[in-house]
Amino acid sequence: MEPMNYLEELLERYPALACVKAEILNAYHILESCYENGGKLLIAGNGGSCADAEHIVGELMKGFVKPRTVSEEFAKKLTEADPERGKELAQKLQGGLPAIALTGHPGLSTAFLNDVDGDLIFAQQTYGYGKPGDVLLGISTSGNSKNVMYAMAAAKALGMKTIGLTGKDGGQLKTAADVTIVVPESETFKIQEYHLPIYHALCLMLEERFF
């Protein structure tokens, strides 16, 4: 299947998302360019959006709907590196698109919360991990999550591209990110119900493009 077919399938299943088709496509192109140039994706969110951040990493860093077997060249290197374990690694390792959820580092997060400022935890991680050409995806149902907005500022200063995924009126995130997908809902749980199929479609499109 061509990557764009997944976008069309998304809109067939969720017609209400037709209003953000252009933004989804622009977000895909930002991510495609990032991975073409050896970059990585950082993802920030709170609560349900924290779970979404981890979910996205799970879809990008291993096979989603396609097998992502290692190349013959790398399989050979694995067996040369470790004749005992290399064959199993070659059979079971899967290609990944580098992605880091900024939500899963409790040691760092609690240290920064205790020693500096809890609102800046995502910004600190963005500053530590990010480089020009990388992408920050900020997920906030209101578009006003303070820690996500600080991370957006840090990403912009680093020369990273930024994507927002939100709802309601888009909040501050709407104008802060390079591309913001504002789903047509105002209640938190309904916004989140639209976020999942959108990021699933983006992950499917990227997997089709690179694997």
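These remarks concern the structure in this document. (Residues numbered from 1 in each chain as written. Predicted model: local features only at pLDDT ≥ 70, side-chain atom pairs only at ≥ 80, totals over all residues. Heavy atoms only, no water.)

**Regarding the overall build of the protein chain**
Helix and strand counts for the protein chain stand at ten helices and five strands. Over its C-alpha trace the protein chain gives a radius of gyration of 18 Å, about what one expects of a compact globule, namely 17 Å for 211 residues. Over its C-alpha atoms, taken along the principal directions, the protein chain stretches across nearly 55 × 50 × 30 Å. For the protein chain, the residues scored as buried account for 46% of the 211 residues in total. Across the protein chain, contacts joining residues at least 24 apart in sequence account for 72% of those joining residues at least 6 apart. Here the protein chain contributes 19 positively and 27 negatively charged side chains, and the mean placements of these two sets differ by 3 Å. (Helix = DSSP H or I, 4+ residues; strand = E, 2+ residues; numbered from the N terminus. Rg over C-alpha atoms; globule rule 2.2 N^0.38 Å. Buried < 20%, exposed > 50% of the residue type's maximum accessible area, 1.4 Å probe, protein only. Contact = heavy atoms within 4.5 Å. Lys, Arg positive; Asp, Glu negative; His and termini not counted. Charge placed at Lys NZ, Arg CZ, Asp CG, Glu CD.)

**Considering the sheet that holds strand S3 (residues 135-139)**
Reading across the sheet, the five strands line up as S2-S1-S3-S4-S5 and stay open at both edges, with parallel pairing between neighbours. A single partner strand is all that each edge strand has here, and the edge strands are strand S2 (99-101) and strand S5 (179-182). Averaged over all neighbouring strand pairs, the angle between strand axes comes to 15 degrees, with direction disregarded. Sheet topology places strand S1 (residues 41-45) next to S3; five bridges connect them, and they run parallel. Residue pairing in the sheet places isoleucine 43 in a bridge with leucine 137 of S3. Helix H3 (residues 48-60) contacts S1, S2 and S3 of the sheet and is inclined by roughly 155 degrees relative to S1. (Pairing = 2+ DSSP bridges. Axes fitted to C-alpha atoms, helices over the stretch in contact; angles between N-to-C directions.)

**With respect to the nonpolar core**
In terms of nonpolar packing, the biggest core is built from 40 residues, with Leu41, Ile56, Leu60 and Ile198 touching the most fellow members. In this structure leucine 41 touches Leu31, Tyr35, Ile56, Leu60, Pro98, Ala99, Ile100, Val135 and Leu137, once residues within four positions along its chain are discounted. Formed by 15 residues, the second largest nonpolar core is a distinct cluster that contains Leu136, Ala151, Ala155 and Leu158. (Core = buried A, V, L, I, M, F, W, Y, C linked by side-chain atoms within 4.5 Å.)

**Considering the pattern of salt bridges**
Tallied over the full model, the rule gives 13 salt bridges. A salt bridge links lysine 92 to glutamate 88, with the nearest nitrogen and oxygen atoms 2.8 Å apart. One end of the pair is lysine 92 and the other is glutamate 88, both in helix H5 (residues 86-92) and four residues apart, which spans about a single turn. The exposure class assigned to glutamate 88 is partly exposed, which follows from its relative accessible area of 43%. One salt bridge in this structure joins lysine 131 and aspartate 134, with 3.5 Å as the shortest N-O distance. For lysine 131, a relative accessible area of 35% gives the class partly exposed. Overlapping salt bridges bring together Glu32, Glu36 and Arg209 as one network. (Salt bridge = Lys/Arg side-chain N within 4 Å of Asp/Glu carboxyl O.)

**Focus: a nonpolar patch on the surface**
A cluster of nonpolar residues, Phe74, Leu89 and Leu93, forms a patch on the protein surface that exposes about 230 Å² of accessible area. Secondary-structure assignment places leucine 93 in the loop between H5 and S2. (Patch = residues over 30% accessible without salt bridge, like charges linked within 9 Å, V, L, I, M, F, W, Y side chains within 5 Å. Areas by Shrake-Rupley, 256 points an atom, 1.4 Å probe, with all protein chains shown as cover.)

**Section: empty space enclosed by the protein**
In this structure the tally under the stated criterion is one cavity of 30 Å³ or more. A volume near 110 Å³ is recorded for the largest cavity. What lines the largest cavity is a set of 13 residues, among which Leu31, Leu41, Leu137, Tyr199 and Leu202 lie closest to the centre. Listed by contribution, the elements that provide at least two residues to the lining of the largest cavity are helix H2 (21-36), H3, strand S4 (161-166) and helix H10 (188-210). (1 Å grid on protein atoms, 1.4 Å probe; cavity = no way out; pocket = protein on both sides within 12 Å on 5 of 7 lines; lining within 4 Å. Points joined across faces, edges and corners; volume = space filled by probe spheres on them.)

**With respect to the state of the cysteines**
Cysteine pairs can be linked by a disulfide, which is a covalent bond between their two sulfur atoms. In this structure the tally under the stated criterion is zero disulfides. Its sulfur unpaired, cysteine 34 is 13 Å from the next cysteine sulfur, which belongs to cysteine 203. (Disulfide = S-S within 2.5 Å.)

**A word on the packing of H2 against H10**
When two helices pack together, you describe them by how their axes are tilted relative to each other and by the distance separating the axes. Direction vectors running N to C along H2 and H10 enclose 40 degrees, while the axes themselves pass 10 Å from each other. If you check the angle between H2 and H10, you find them oblique. Here the hand of the crossing between H2 and H10 comes out right-handed. Contacts between H2 and H10 involve Ile24, Ala27, Tyr28, Leu31, Glu32, Tyr35 and Glu36 on the former and, on the latter, Ile198, Leu202, Met205, Leu206, Arg209 and Phe210. The residue makeup of the contact of H2 with H10, split by class, is ten nonpolar, no polar and three charged. (Parallel < 35°, antiparallel > 145°, perpendicular 65-115°, else oblique. Left-handed = near helix turned anticlockwise from the far one by under 90°. Nonpolar A, V, L, I, M, F, W, Y, C, P; charged D, E, K, R; others polar.)

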